[in-house]
Amino acid sequence: MGQQMDVGIIGGGPAGLNAALVLGRARKSVIVIDEGVPRNRVTRETHGFLTRDGIAPAEFRRIAREQIQAYPSVQFAEEKAVAVAGEDGHFQITTSAGSVFHCKKLLFAVGMKDLPLEINGLQEVYGRSAFVCPYCDGWELRDQPLVLIAKGPRVLHAAKMLAGWTSEYVICTDGPAELTDEQREELRAHHVSVFESPIRKIASREGMVDHILLEDGMSLPCTGIFFAPKLVPGSDLPKSMGCQVTETGMVVADAFGKTSVPGIFSAGDIATEMYQAIAAASMGALAGVGINNELLIEAWDRGK
């Protein structure tokens, strides 16, 4: 038959955990379903989170779950949610272990996941000396010689942002840059070199990059890399339930996480392109408020 809960949260990162905290404090019964393979598991430290700056992602989750245990109405299931069905007030979640949970409301906090890294040697340095967000990791690489691996329309924006942390960087497009003449001229005017030869290999030792070797024989020495990852939704379940999504797979939700489907909410990286732990936690908190408000109003109306 399965357990009866007020809220089912799929995803146990900062968004799902903060929503669980808010809902636990609101005395709602909650199940947090998470398979335990977060995208940031390759990262040694989480930055930009007030009171937790520099904490390891695994330690962040450990502390969060420890604090949530103060609220006995919140439970955890380290399983993968494989199917969701039903409608507002009567949702059913089935996990890979065969567990079944019945919930009045759903929160998708499933995040995004990286596609396999195709550049030779990038996997070895990802999370140690190669990163995707200068706001998260730029401070540690300040004033160092860096390489920005990117191409197309976002290159110029990324170049402007990286300039806030170092003036010693070049752009490697790993093939045709896909830049306009105006964009090339703007980069030249700011003394930013662009290398379009494909990458042969990223050379490193124990996760620390030493140089990038290009197919034309050019070697680009550096101590750090920023690159644009290729991401896909952490789960297809939101789309399977009819939630409106963008071309990139992001779930469309309002400020309180409400999606286009009644009773379904979304928060965190799956619902924004601002991929920061503190932003995800904030969205989870607001989604928890939105869910609790709906449950309270529905209970009030039934009591008329």
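In case you missed it, the structure is sitting above this.
Residues numbered from 1 in each chain as written. Predicted model: local features only at pLDDT ≥ 70, side-chain atom pairs only at ≥ 80, totals over all residues. Heavy atoms only, no water.

Q: So what exactly am I meant to see when it comes to the overall build of the protein chain here?
A: Per the secondary structure count, the protein chain includes 8 helices and 17 strands. With the C-alpha coordinates aligned to their principal axes, the bounding extent of the protein chain is approximately 75 × 35 × 35 Å. Burial statistics for the protein chain: of 304 residues in total, 46% are counted as buried. Look at the contacts in the protein chain between residues 6 or more apart in sequence, and 57% of them connect residues 24 or more apart. When the accessible surface of the protein chain is totalled, it reaches about 15600 Å², and 53% of it is carbon and sulfur. Positive and negative charge centroids in the protein chain, built from 29 and 37 side chains respectively, lie 6 Å apart. (Helix = DSSP H or I, 4+ residues; strand = E, 2+ residues; numbered from the N terminus. Buried < 20%, exposed > 50% of the residue type's maximum accessible area, 1.4 Å probe, protein only. Contact = heavy atoms within 4.5 Å. Areas by Shrake-Rupley, 256 points an atom, 1.4 Å probe, with all protein chains shown as cover. Lys, Arg positive; Asp, Glu negative; His and termini not counted. Charge placed at Lys NZ, Arg CZ, Asp CG, Glu CD.)

Q: So what exactly am I meant to see when it comes to a nonpolar patch on the surface here?
A: Residues Phe256, Leu286 and Val289 make up a contiguous nonpolar surface patch of roughly 220 Å² in combined accessible area. The topology assignment puts valine 289 in helix α8 (residues 277-302). With relative accessibility at 31%, the residue valine 289 sits in the partly exposed group. (Patch = residues over 30% accessible without salt bridge, like charges linked within 9 Å, V, L, I, M, F, W, Y side chains within 5 Å. Salt bridge = Lys/Arg side-chain N within 4 Å of Asp/Glu carboxyl O.)

Q: Where do I start with the pairing of strand β15 (residues 224-227) in this structure?
A: Consecutive side chains along a regular strand alternate between the two faces of the sheet. Side chains Gly224 and Phe226 of β15 all project onto a buried face; the interleaved residues Ile225 and Phe227 project onto the opposite face, where all are buried too. Relative to β15, strand β8 (residues 130-131) is paired through 2 bridges, and the arrangement is parallel. Its bridge partner lying in β15, alanine 130 is registered against isoleucine 225. Pairing between strand β9 (residues 146-149) and β15: 4 bridges, direction parallel. Across the sheet, leucine 146 pairs through a bridge with glycine 224, a residue of β15. (Pairing = 2+ DSSP bridges.)

Q: Would you take a moment to explain the state of the cysteines for this structure?
A: The term disulfide refers to a covalent linkage connecting the sulfur atoms of a pair of cysteines. Within this structure, the stated rule accounts for 0 disulfides. Between cysteine 103, a free cysteine, and cysteine 243, which holds the nearest cysteine sulfur, the sulfur-to-sulfur gap is 14 Å. Relative accessible area serves as the criterion here: at 2%, cysteine 103 is assigned to the buried category. In this model cysteine 222 remains outside any disulfide bridge; the closest cysteine sulfur is found in cysteine 172, 9.4 Å from its own. (Disulfide = S-S within 2.5 Å.)

Q: Sorry, what's going on with helix α1 (residues 14-25) here?
A: Along an α-helix, a turn takes 3.6 residues, which lines up residues three or four apart on a common side. Across its 12 residues, α1 extends 16 Å between first and last C-alpha, which sits within 8% of the 16 Å expected from 1.5 Å per residue. Burial in α1 covers these residues: Pro14, Ala15, Gly16, Leu17, Ala19, Ala20, Leu23 and Gly24. Arginine 27 lies just past α1 and shows a positive phi near 70°. (Expected span 1.5 Å × (residues − 1).)

Q: Would you explain the sheet that holds β15 in this entry?
A: Across a sheet, strands are paired by hydrogen bonds formed along the backbone, either parallel or antiparallel in direction. What the 5 strands build is an open sheet, ordered β8-β15-β9-β10-β11; its pairing is parallel. In this open sheet, the two strands that pair with only one neighbour each are β8 and β11 (194-195). As judged from the 2 bridges shared by strand β10 (residues 169-172) and β11, these two strands associate in the parallel manner. Within β11, the residue paired with isoleucine 171 across the bridge is valine 194.

Q: Sorry, what's going on with the sheet that holds strand β13 (residues 208-214) here?
A: Here 3 strands make up an open sheet; going across it, the order is β12-β13-β14 and the pairing antiparallel. Since the sheet does not close on itself, it has two edges, and those belong to β12 (199-205) and β14 (219-221), each with one partner. Shown here is a sheet whose adjacent strand axes are inclined to one another by a mean of 20°, direction ignored. (Axes fitted to C-alpha atoms, helices over the stretch in contact; angles between N-to-C directions.)

Q: For this particular structure, what's the right way to read the packing of aromatic side chains?
A: To describe a pair of aromatic rings, you give the distance between the ring centres and the angle between the ring planes. Inspection of the entire model under this criterion finds 4 aromatic pairs. For the ring pair phenylalanine 131 and phenylalanine 226, a centre distance of 6.2 Å and an interplane angle of 45° mean the geometry is tilted. With phenylalanine 131 in strand β8 and phenylalanine 226 in strand β15, this residue pair connects regions lying 95 residues apart in the sequence. The exposure class assigned to phenylalanine 226 is buried, which follows from its relative accessible area of 3%. Note that arginine 65 overlies the ring of phenylalanine 76, its terminal NZ or CZ placed 4.1 Å from the centroid. Over the aromatic face of tryptophan 139 sits the side chain of arginine 142, whose NZ or CZ is 3.8 Å from the ring centroid. (Phe/Tyr/Trp six-rings, centres within 6.5 Å; stacked < 30°, edge-to-face > 60°. Lys NZ or Arg CZ within 6 Å of the ring centre and 35° of its normal.)

Q: Before we go on, may I ask you to explain the pattern of salt bridges in this structure?
A: Any two side chains of opposite charge can pair, on the condition that their charged atoms come close. Per the counting criterion, the structure on display carries 13 salt bridges. A salt bridge links glutamate 298 to lysine 105; its shortest N-O distance comes to 2.7 Å. Here glutamate 298 is found in helix α8, whereas its partner lysine 105 is found in strand β6 (residues 100-108), with 193 residues between them in sequence. The exposure class of lysine 105 is buried, given its relative accessible area of 0%. With its nearest N and O atoms 2.7 Å apart, the salt bridge here joins glutamate 294 to lysine 258. Note that glutamate 294 is positioned in helix α8 and lysine 258 in the loop between α7 (237-240) and β17 (264-266), a separation of 36 residues in sequence.

Keep in mind these numbers describe shape, not what the thing actually does.
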